[in-house]
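Observations on chain architecture
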Amino acid sequence: MSLIHFQILSAAMFSIGLYGVLARRNALLVLLSIEIMLNAVNINLVAFSSYAESAQEVGQIIAIFIITVAAAEVGLAMAIILRLFRDRSSVDLDDIDLMKW
Amino acid sequence: MNFLLFLPELTLAAVAFAVLAIDLFTPSGKKWILTPTSVLGLIIVLLVSISYLYGKQESLYDGLFLIDDFSLLFKGFFIILGILVILSSHDYIKEHLKHPGEYYGILLLSILGMVLMSASGELLTAYISLELLSFSLYVLVSYGSNGFKPSEAGVKYILLGGLASAILLFGISQIYGVLGTTQFRGINEALTSSSSLDSGVLIGLVMIIAGLAFKIAAVPFHMWAPDIYEGAPTPITAYLAIGSKAAGFALIIRLFAQALMPAMDDWQIIVIILSALTMTFGNLVALAQHNIKRMLAYSSIGQVGYLLMGIATLSYMSTNGIILHLAGYGVTNLAAFLCVIIFYNSSHKEDIEDYSGLADKSPFLAMALSVSLLSLAGLPFFVGFTTKFYLFTVVANAGLLWLVGVAITASVISLYYYLIVLKQMYMVAPTNDAQVNISVLNRSLLWVLTLSIVILGIFPSPLVRIIQSASSAIFS
Amino acid sequence: MLLSAIIFLPLAGAVVILLGLNDPKKVRLWAVFIGFVELVLGFLCFYLFQTADIDLKDGMELVEKYEKWIPVLNIQYHLGVDGLSAPLVLLTSLLGFCSIVASLNIQLRIKEYFMWLLILQSAVMGVFISLDFVLFFIFWELELLPMYFLISIWGSGRKEYSAMKFVIFTLLGSAFMLVSILGLYFSTGSFSIIALPALVSEAKLFMPAGTMFAFLFLAFAVKLPVWPVHTWLPDAHTDAPTAVSVMLAGVLLKMGGYGMIRLAIGIFPGEAQDWAWVIATLAVISVLYGAVCTVRQTDLKKLVAFSSVSHMGYVLLGISSVVGVGGSVSSVGLTGAAMQMFTHGTITGLLFLVVGLIYDRAHTRHIPDLGGLASNMPFVGVAFLVAGLASLGLPGTSGFIAELLVFLGTFEVWPIITTLSVFAIVLTAGYILWMIQRTFFGPAISRLDEVGDVSLVQAVPLVILMVSIMVVGLYPSIISDAFALGLEPIMESLQTGARS
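Residues numbered from 1 in each chain as written. Chains lettered and ligands numbered in written order. Predicted model: local features only at pLDDT ≥ 70, side-chain atom pairs only at ≥ 80, totals over all residues.

**Regarding the interface of chain A and chain B**
Rules: C-beta atoms are first placed from the backbone for all residues, and any pair lying within 7 Å is then listed as a contact. For the purposes of this entry, the term helix denotes a DSSP run of H or I that reaches at least four residues, the term strand denotes a run of E that reaches at least two, and both are numbered from the N terminus.
Contacts between the two partners involve 37 residues from chain A, matched on the other side by 30 residues from chain B. Looking at the side of chain A that touches chain B, the elements with two or more residues in it are helix H1 (3–23), helix H2 (27–51) and helix H3 (58–88) of chain A. In terms of residue count, the dominant contributor to the side of chain A that touches chain B is H3 of chain A (16 residues).

**Topic: the confidence of the model for chain B**
A low pLDDT means the predicted coordinates there should not be read in detail. Residue and element names in this part refer to chain B. Quick note on the threshold: Confidence of the prediction at every residue is given by pLDDT, a number between 0 and 100.
Here chain B averages 88 in pLDDT, and 99% of its residues register 70 or above. Within chain B, the lowest mean pLDDT, 79, falls on strand E1 (residues 58–60), and the highest, 92, falls on helix H5 (residues 123–141). ipTM for the predicted complex: 0.93, alongside a pTM of 0.87.

**Considering the pairing of strand E1 (residues 61–70) of chain C**
Residue and element names in this part refer to chain C. Going by this rule: Strand pairing is assigned whenever DSSP identifies at least 2 bridges connecting the two strands.
Where E1 meets strand E2 (residues 75–81), five bridges bridge the pair, whose relative direction is antiparallel. Looking at E2, one finds that Glu 64 is bridged to Leu 79. Hairpin connection, E1 to E2: the antiparallel pair is bridged by four residues, and Asn 74 has positive phi, about 65°.

**Points about the packing of helix H7 (residues 159–188) of chain C against helix H10 (residues 232–239) of chain C**
All names here are of chain C. Spelled out, the test is: Simply put, an axis is a line fit to the C-alpha atoms, just over the touching stretch for a helix, and the angle between two N-to-C directions goes from 0 to 180 degrees. Each angle receives one of four descriptions, namely roughly parallel if under 35 degrees, roughly antiparallel if over 145, roughly perpendicular if within 65 to 115, and oblique otherwise. Each crossing is labelled by how the near helix is turned from the far one, with a counterclockwise turn of less than a right angle marking it left-handed and a clockwise turn marking it right-handed. The residue classification treats Ala, Val, Leu, Ile, Met, Phe, Trp, Tyr, Cys and Pro as nonpolar and Asp, Glu, Lys and Arg as charged. All others, Gly included, are polar.
Following both chains from N to C, one finds H7 and H10 inclined at 135°, their axes separated by 9 Å at the closest point. Between H7 and H10, the crossing angle belongs to the class labelled oblique. Of the two elements, H7 crosses H10, and the hand of that crossing is left-handed. Between H7 and H10, the residues in contact are Lys 159, Ser 162, Lys 165, Phe 166 and Phe 169 and Trp 232, Asp 235, Ala 236 and Asp 239, respectively. Counted by class, the contact of H7 with H10 contains four nonpolar, one polar and four charged residues.

**Re the nonpolar core**
Selection criterion: Buried Ala, Val, Leu, Ile, Met, Phe, Trp, Tyr and Cys residues whose C-beta atoms connect them within 7 Å together make up a nonpolar core. Residue burial is a threshold on neighbouring C-beta atoms within 10 Å of the residue's own C-beta, all placed from the backbone, with 20 or more meaning buried, 12 or fewer meaning exposed, and counts in between meaning partly exposed.
Ranked by size, the top nonpolar core spans 429 residues in total, and within it Val 89, Ala 264, Leu 350 and Val 354 of chain C carry the most contacts. The element that contributes the greatest number of residues to this core is helix H13 (residues 316–347) of chain B, accounting for 19 residues. Other than its neighbours up to four places away in sequence, Ala 264 of chain C contacts Phe 213, Leu 216, Phe 217, Phe 220, Gly 259 and Ala 272 of chain C.

**Topic: the interface of chain C and chain B**
Frequently, the measure chosen for interface size is the accessible area removed from exposure when the parts meet. Taken together, the contact between chain C and chain B spans 26 residues of the former and 24 residues of the latter. Listing elements by their share of the side of chain C that touches chain B, those giving two or more residues are helix H5 (133–142), helix H6 (144–154) and H7 of chain C. By residue number, the principal contributor to the side of chain C that touches chain B is H7 of chain C, which donates eleven residues. Partitioning the side of chain C that touches chain B into residue classes produces 22 nonpolar, two polar and two charged.

**Some words on helix H11 (residues 242–267) of chain C**
Residue and element names in this part refer to chain C. Going by this rule: Here a helix's expected span is defined as the number of its residues, less one, multiplied by 1.5 Å. Bend, at a single residue, is the angle you get between axes fitted to the 7 residues ending at that residue and the 7 residues starting at it.
An ideal rise of 1.5 Å per residue puts 38 Å on 26 residues; H11 measures up with 36 Å between its terminal C-alpha atoms. At Leu 248, H11 shows its strongest bend, of approximately 35°. Taken across its 26 residues, H11 has 26 buried, putting it largely inside the fold.

This is the structure we're talking about:
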């Protein structure tokens, strides 16, 4: 196992997450895809901090911060999506089309 | 380490929580006291910052926070903006929202986020303060009560915002992984010492630019902006259009000037392309808008394009240009949005067509809106011209005259859609009989803003001097 | 302080109207008062210029300078008049007063109307007096706004379309000018109109000088207007209210000619000489095309509007003589161009006033519907005759002097082109005489029996303009000497590049 394996894993997860954001039509699934992307970042950071020579331990600290922020983000997003569901009885992104240019 | 340097931020956080707490103990008839409380708190923070931090050049927590004239200037900018937004929300809140305490508290927290953004000297700190700002804005955007639009805007904003954050974070992790540090100073040293740019750094750079471009709504990362501007409560739209953009640019200036400057050859072309795209696209699409908030949204996307020209030629002079234009654009846009708020408060309408015959109903409101729109278009005697001219001159002087040519063409186009609004107000007979009432508070605010548009337009020199000391702190 | 007062007096007057005056009667009186004071100041400025000892170095008089306006970019508040601008300031104050007096019968939204009219006058004065390129540009742009409102609110016909067309054409022109201004600043670090010619000849230019000259030329050509960018002019003139047409034809077009002589040629004399053949070609096309179009018009106002295209072509023709012949450049052509600007201002102003008066009374501008007006409105008839004859260049009127100078100056340089242009005079004589004959003479039409002559107030602007046409016609050197003096620095810079 070397750094490059972790990087590939991280890049793959990031891409899967990105695909999910672009392809999914359900707001909750889009939110989950974003979480996958954030976790890809975490893997990247932790791997860098333990493998790369120049890196200090900062990477692990950043990862902890990101986990915290992501948790807050999910909570907030769920609340807003819930409000949307109450308003429109749907969380399908194709249905929210009141505003278009 | 002198923790007292952190006093303004601590005070600001305390004021925010105090407002949240006061809301709990105030009977529903007396909620109005929250407005003066928040404003008073902000004024105190402003006075503390100016009297205590002026002229200091220090760093806190080993370079995580930088105390200099640049962060002080932006602190002042954000706090004054906060005061103005809170004051202009007063009537709107009274009519449309049930929980003013939460609104003001979260607004104050977002100001804290912006203040921290302009002072951060490290990527993680920048990210956390950016998220503090964004989270507050997600809530504020979905606060409105006009039908289904606010929740729709909120969902769009938080999902796209989360995506942008993820991309930004991945970029940060790349930079950290290759260069081994997240401090601006350290990044600068690492980039200077290496002869060529590592591809990992390049990926990180591109992703950071993409993430930040999203936050300032640069084309092609702008698609959230018009929807969110339209759906959000109008005072928040103004706040988004000015505050979050200014904070984004404060971070970008500091990051690019203090950390990424050695790699300028690599990112310059990206920024130039973003800038050219943003100003053409923003101004062209604005031509087709019917809702005045969407029109202003696209117009402010266009303004971002002008500001990005300054980033593309980043230097001491162009930093002056960017900050000056941000200030001028802030005053002008705030005046424009205040007019929209006033009109909405009394008519509950926000389409350009509804402004027909406004000159008959309220000559003052029509004049103020005309002044601010013409200033946005960059007509002389208004601040929009002066700051735009300064910015264009600086960019042309750095050798990007062709880009300035594009910008000038874009601003010629922009005058057309501003004139359409003017035409509705002055030349078309009223199509509805909605009356326009302006409260004393809003009237005096609007006077202050309109006069500053004119005065700053004719005498920008004092403002320029303040800005010069700020940007010399960045390029010292 | 005189020049600042000239610029800002109308602006201050407009602010007073905006804030303080509501009674239509007071607004009118106040506007006339401001216009009159401005007229006095204009004469005073011209008089002081004429009697001053001219400093031959740059010829600027009554200079006002505040260097620290925007010091970071070296932008200065710098005003002054020389021989080129002093007569134009006089012209602006004359026509400004005339157009205010001619608008006293406006009934719609009086307050706003006079406000915009005064702001317009401020902007035009600013363009002629500014010696800093940025200041010049500010006033140049400022003029758009009042014009847009004046045409689109108080105009007739397709007024909104015309107003927008006017704004877009001018803005596109000024976009090119702005690029050129920034290019000049990047090359020389200066915005000073006086210093730029010398600086440009020494500096290493960032952009080819030919391009910058072309951009400046284009900006001013739109305003002048020159074929093929003249199409906004007939629309704007026809749809604007009378007084605004007077200002538009009388002074706004002159901003184009002034800019062309002072800036495009003053800063880039060499490039102007290189491209003189293009200028001459455009000039002859404008002159002939304008004249041919004019002949076809049946609407009085459109007729006068198209004749402006033709007459402003003479200005361009005079300018094209800068290339010189036989190793020297004579100042006759340029002086003629400048004279043509002044005389066209008074003549066309008078024509538009008369057309406006006819329309007010007869409610039509369609020439076949008019006839025999001379018996009912003899005074207007006289004014129309004077303006018409001056317009076709009858000796003794100012039109004759200007056209004569233009042809004298250009004939040696561009013999064929000048000969072609002279044919336009025949066409001009044709359409002017035909217009006068069809409207004022011939059998009276019974429908027009009720039409009366002008009132005393309405006669004032007519008299002022007739007098100035005659005075300049009989004693041209009051104006032409000033112009010749103002052109001296430009002539000097032109000599080195003269065609052998």
